[in-house]
Amino acid sequence: MKLFSALALLAIGRPVTAWASSSGCLCTYGQSCWPSASTFSQLQSKVSQPLVYPLPSASACYPPSDPSGNCAAVHANWTDGNWRSSMPGSMEAPNFETFTFQNGSIDACYLNTTITGTCEQGNVPVIGVDARSVGDIQAAVTFAVQQNLKLVVKNTGHDYLGRSAARGSFVVWTHNMKNITYDSTFVPQGAPANEMYEAVTLGAGVQWHEAYAAVNSYGRLMVGGASAGGSVGSAGGWLAGGGHSALSPTHGLGVDNAIQISVVLSTGDFLTVNNHTNSDLFWALRGGGGSTYGIVTSVTYRTYPSVPSQLYLYQANITNSSVFPELVGGLLRYQTQFTDDGWGGYGGLSDTQMYFFYFGPNMTNETATATTQAWHNFTASLALFGVVSTEQTYYASSWYELYQTLFSNGTQNGGNGMITNRLLSRDTVANKYTEVAEVLINCGGSTIAGGKVSQFGADSAGLNPAWRNAVVETVCGVTWDDGASSTEIQGMISQLQGWIKAMYDLTPNDGAYFNEASLFEINWQETFFGSHYSTLKGIKDKYDPNRLFVVAKGVGSEDWNKNLTCRY
């Protein structure tokens, strides 16, 4: 159904298409069960903002002969994560805005208007609530349960598994819940008075660039994500998946720093959870996956004193491909030392290059030199074999200063793609580094360094226990251009699946990070959640009795069909 026809139907009420109803299926747009305009008006009377009608990112450029909006702005901002997150229908990876039918045809709205000439709604939700308060979310959840709607939750749309969108769905958009409250004497609900933190409470829609600026104004820092422009949400899926950070070697993962969470359940109940109140749900919300147990409205994180930081930059140009595996394998081997010494950051590979940049908070110049010396000596030994290395160390008065320099500007979104990752354990990087290096070189992989995560107990949060023995996350991915056929896309997916199998066979016990994975991981329950899966499933059943929250490869999703609309 074309986008503009769909909106017209929404305006006049339910479409005439019949719905093959069954008690185990959710209602989606285009079925006779879809609420009428008058029914939606009842919801409108209970929320603070006008209902939203999400559109694909490129919709303003259609129809090509007379664009409905500012198409020049669309082109100018296409790769800007903050622009994309400001719209309820836009995903950071636009392939998740598209829908592929069983016959292979693709329902899409491409930036290049000459590909099809039409803008289709694809996988983008058709209507929803622009949530600004707990009451807005409660009204939306109650409505979705009463009307048996397929519901999705979208914050920023940073999602490699497409969990922020679903065809014909009803969306709760939390992006505009921007409250930030700093409390230097925060005591969690139900905790003894002497359990006190210098903490910040972030509304569900706060993004990392906003959170970092806020705590920095108090002379504090916090564990969080890093991306160009800082557009990733700080209190949504990042935390629910575990929340890795360049600061994890010093302070642990996001789940190790959350001290209280507020959440709306499918029953409409609003709970505050922590280690003292509803502790089982608090445990699950920290690493047990997003949009699975309820809708988070805020998260309270501990903060730390702002400290100076080192930045270590390394780049190698490779003139002899035969030495590349030794260099990459060497980085994997040395990663344990980097992690234990407090370095954390990001890196990547291309056909002829390898680079990484690591942060060392509260590290002296002398310590920075001493802890990178062994790596320096190793790479210097490869110079005669075609490795041309460049390295630099910088000192900054704060980690936030480095963050602003490296991440405050720039863009990195708006491309079609899928990725997979593996959490490499100490045993793997010590004994399988050569084989893993070959896979990473083949896939043009990237790395995210591990950290202090091993100092927290494996059962301290619902997080995959594989994190606790990981020293580095490795990532492989595929991309394709707009207009690629479903056959061409499947070819890219098959390539991705080949890398998934190769890494799984090499590291069957290492697991993967849910937030940066694919829909095609092998043994996904174990891969994403490890030994915690059955406990998480029990908590999911307890707190979501209406079975409202279901996402791809999320806890309990095995009970649903491929489109997550009908239960088995």
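Quantities reported herein were computed from a predicted structural model and do not represent experimental measurements. (Residues numbered from 1 in each chain as written. Predicted model: local features only at pLDDT ≥ 70, side-chain atom pairs only at ≥ 80, totals over all residues. Heavy atoms only, no water.)

Enquirer: Which parts of the structure should I look at to understand the environment of Arg-302?
Expert: You can see Arg-302 is positioned in strand S11 (residues 295-302). As for Arg-302 and Met-222, which are separated by 80 residues in sequence, their C-alpha atoms are 7.0 Å apart. Beyond its immediate chain neighbours, meaning those up to four positions away, Arg-302 contacts Tyr-197, Glu-198, Ala-199, Met-222, Asp-256, Asn-257 and Ile-259. (Helix = DSSP H or I, 4+ residues; strand = E, 2+ residues; numbered from the N terminus. Contact = heavy atoms within 4.5 Å.)

Enquirer: Could you clarify how one ought to interpret the state of the cysteines in this entry?
Expert: Note on terminology: a disulfide is the covalent bond linking the sulfur atoms of two cysteines. Counted by the stated rule, this structure contains five disulfides. With a sulfur-sulfur separation of 2.1 Å, Cys-27 is cross-linked through a disulfide to Cys-33. Note on the Cys-27 and Cys-33 pair: the S-S dihedral is about 105°, so by sign convention the disulfide is right-handed. This pair shows no difference in class: Cys-27 is buried, exactly as Cys-33 is. For the protein, the bonded cysteines pair up as 1-10, 2-3, 4-5, 6-7, 8-9 when numbered in the order they occur along the sequence. (Disulfide = S-S within 2.5 Å. Buried < 20%, exposed > 50% of the residue type's maximum accessible area, 1.4 Å probe, protein only.)

Enquirer: Just to check I follow, could you spell out helix H11 (residues 365-381) for this structure?
Expert: Side chains that are three or four residues apart share a direction in an α-helix, a result of its 3.6 residues per turn. For H11, with 17 residues, the first-to-last C-alpha span of 24 Å sits near the 24 Å given by 1.5 Å per residue. Along H11, the helix axis deviates most sharply at Gln-373, where the bend reaches about 45°. Against strand S13 (309-318), helix H10 (324-340), strand S15 (353-361) and strand S16 (387-396) lie the buried residues of H11. (Expected span 1.5 Å × (residues − 1). Bend = angle between axes of the 7 residues up to and from the residue.)

Enquirer: Any chance you could explain the confidence of the model for the protein here in plain terms?
Expert: The predicted coordinates of low-pLDDT regions are not to be read in fine detail. Put simply, the protein has an average pLDDT of 94, and 95% of its residues get 70 or more. This model gives residues 1-22 a pLDDT under 50, and the stretch forms 50 contacts once residues within four places in sequence are excluded. (pLDDT = per-residue confidence, 0-100.)

Enquirer: Help me out: how do you make sense of the sheet that holds strand S5 (residues 170-173) in this one?
Expert: Adjacent strands of a sheet pair through backbone hydrogen bonds, lying either parallel or antiparallel. Pairing is parallel across the open sheet formed by three strands, whose spatial order is S3-S5-S4. Strands at the two margins of the open sheet, each flanked by one partner only, are strand S3 (127-130) and strand S4 (151-154). Recorded for the sheet is a direction-independent mean angle of 20° between the axes of neighbouring strands. For S3 and S5, the ladder comprises four bridges, and the chain directions are parallel. Across the sheet, residue Asp-130 finds its bridge partner in S5, namely Trp-173. (Pairing = 2+ DSSP bridges. Axes fitted to C-alpha atoms, helices over the stretch in contact; angles between N-to-C directions.)

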